[in-house]
Amino acid sequence: MAQIDDIDNELIRSEIEEFIERPDERARMIETFARARPSMQEISAALIEGEDDDVDELTRKALDGGITALEIMDDGLIAAMGIVGIKFRDNIIFVPEVLACARAMKAGMAHIEPILSESGVPSQGMVVMGTVKGDLHDIGKNLCIMLLRGAGFEVIDLGVDTSSDEFIDAVEEHQAPLLGMSALLTTTMPNMGKTIEAFIDADLRDDVQIMVGGAPVTQEFADDMGADGYGADAVACVELAKRLMVERERSDD
Ligand code: B12
């Protein structure tokens, strides 16, 4: 088991010691950052401080130094968002600070997006993606989109606050076989189920495979609302999309 002193970066060490109180979360954070290389910890520290210029610069340097975009995404950017999320939940920081962190996250994502979205493989199919009605969180959805594009999927991004009608119109217009919905709020999660019901009412449910995700979503919730699949992270989202496409092709035969 990793120890706090295994983490190189002083700011990360003090953030964990000062703000991460729950033993399970503390152990998870120590484990995550202890295995991240120092340059990734530096990116995380800059993101936690909401320093978008520094994240921009450090991400560019890391890529120039040969670190992969996927490692930067996982060990630099997403890892840092874990600490930001806990501090937000525990009222240590508030919306303006989180917005600064989100801006810093986007500054890093701007560098890794072209790389992760670059695909040398033939088209795997069309996916419509959006964050559900009432929900403005888009960082996780955007990461999923980057990796989907990188895996060869064509993605129509409907952005945030997407109504059932907008999802239906986009699926119909693009004849998309796959739809992905993201929700980060417990209050907006039910809008995923409502959208699935809207597809049933429009007699379109059999035409599209529906996948769902977002921090509060679980496999159980996905099953209950009648989704075809749930993915816990962006890598799982791509695996799921591939699996659902194969299942669809089999059922078309
Ligand atoms: C950043 C953030 C914000 C930013 C959003 C900026 C942006 N452009 O996205 C801002 C400041 C705007 C914000 C606002 C609010 N937020 Co907020 N926010 C967060 C925070 C800290 C991080 C979310 C994030 O980006 N995580 C990092 C990404 C990479 O993870 P992710 O989104 O989970 O995505 C991954 C997976 O879930 C999966 N995935 C995601 N989507 C999909 C889709 C599919 C199909 C698949 C397969 C997989 C998948 O893959 C992704 C990549 O690995 C979370 C805390 C947390 N623990 O989640 C709170 C959090 C979600 N927010 C919360 C709240 C309460 C709010 C506000 C109501 C606060 C307020 N009082 O105004 C508002 C709501 C605004 C609205 N209407 O949406 C609460 C929700 C609590 C709840 N029970 O519902 C949280 C949990 C914080 C807390 N209190 O603990 N927030």
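Residues numbered from 1 in each chain as written. Predicted model: local features only at pLDDT ≥ 70, side-chain atom pairs only at ≥ 80, totals over all residues.

Before going further, it helps to examine the domain arrangement of the protein. Domain boundaries in the protein define domain 1 (8-117) and domain 2 (125-252). The interface is formed by seven residues belonging to domain 1 together with seven residues belonging to domain 2. Here the side of domain 1 that touches domain 2 is built from residues that sort into five nonpolar, one polar and one charged. (Domains from an automatic or database assignment. Contact = placed C-beta atoms within 7 Å. Nonpolar A, V, L, I, M, F, W, Y, C, P; charged D, E, K, R; others polar.)

This part is about the site of the ligand. The environment of the ligand is made up of 38 residues, and the closest members are G85, R89, G140, G213 and G231. For the shell around the ligand, the elements supplying multiple residues, two or more each, are α5 (69-89), α6 (95-117), α7 (139-150), β3 (178-182), β4 (209-213) and α11 (234-252). With six residues, the single largest contributor to the shell around the ligand is α5. Broken down by class, the residue content of the shell around the ligand amounts to 22 nonpolar, 11 polar and five charged. Three or more residues apiece are contributed to the shell around the ligand by two domains, here domain 1 (8-117) and domain 2 (125-252). (Near = placed C-beta within 6 Å. Helix = DSSP H or I, 4+ residues; strand = E, 2+ residues; numbered from the N terminus.)

Okay, the pairing of strand β2 (residues 153-157) next. Bridging between strand β1 (residues 125-131) and β2 involves five bridges; their strand directions are parallel. Residue pairing for β2: V127 is matched across the bridge by V155. Between the parallel elements β1 and β2, the chain passes through α7 in a crossover that is right-handed. (Pairing = 2+ DSSP bridges. Right-handed = clockwise from strand over helix to strand, strands pointing away.)

Mapping I196 onto the fold places it in helix α9 (residues 190-201). Judged by the 23 C-beta atoms lying within 10 Å of it, I196 is buried. Distance from I196 to F167, taken between C-alpha atoms, is 9.8 Å for residues 29 residues apart in sequence. The contacts of I196, once residues within four sequence positions are left out, are I210, M225, G226 and A227. (Buried ≥ 20, exposed ≤ 12 C-beta atoms within 10 Å, placed from the backbone.)

So, about α5. Between the first and last C-alpha of α5 there are 28 Å, a value that for 21 residues agrees with the 30 Å anticipated at 1.5 Å per step. Of all the bends in α5, the greatest, near 30 degrees, is centred on I78. Looking one or two residues beyond α5, the residue adopting positive phi is N91, at roughly 55 degrees. (Expected span 1.5 Å × (residues − 1). Bend = angle between axes of the 7 residues up to and from the residue.)

Another aspect to go through is the sheet that holds β3. Read across the sheet, five strands follow the order β2-β1-β3-β4-β5 without closing on themselves; strand pairing throughout is parallel. Of all the strands in the sheet, the pair left with one neighbour each is β2 and β5 (229-230). In the sheet, β1 pairs with β3 via five bridges, with the strands oriented parallel. By the bridge assignment, V128 is partnered in β3 with L179. Those strands touched by α7 are β1, β2, β3 and β4, and its axis lies near 150 degrees from that of β2. Across the sheet, α11 lies against β1, β2, β3, β4 and β5, angled at about 165 degrees from β4, the strand it touches most. (Axes fitted to C-alpha atoms, helices over the stretch in contact; angles between N-to-C directions.)

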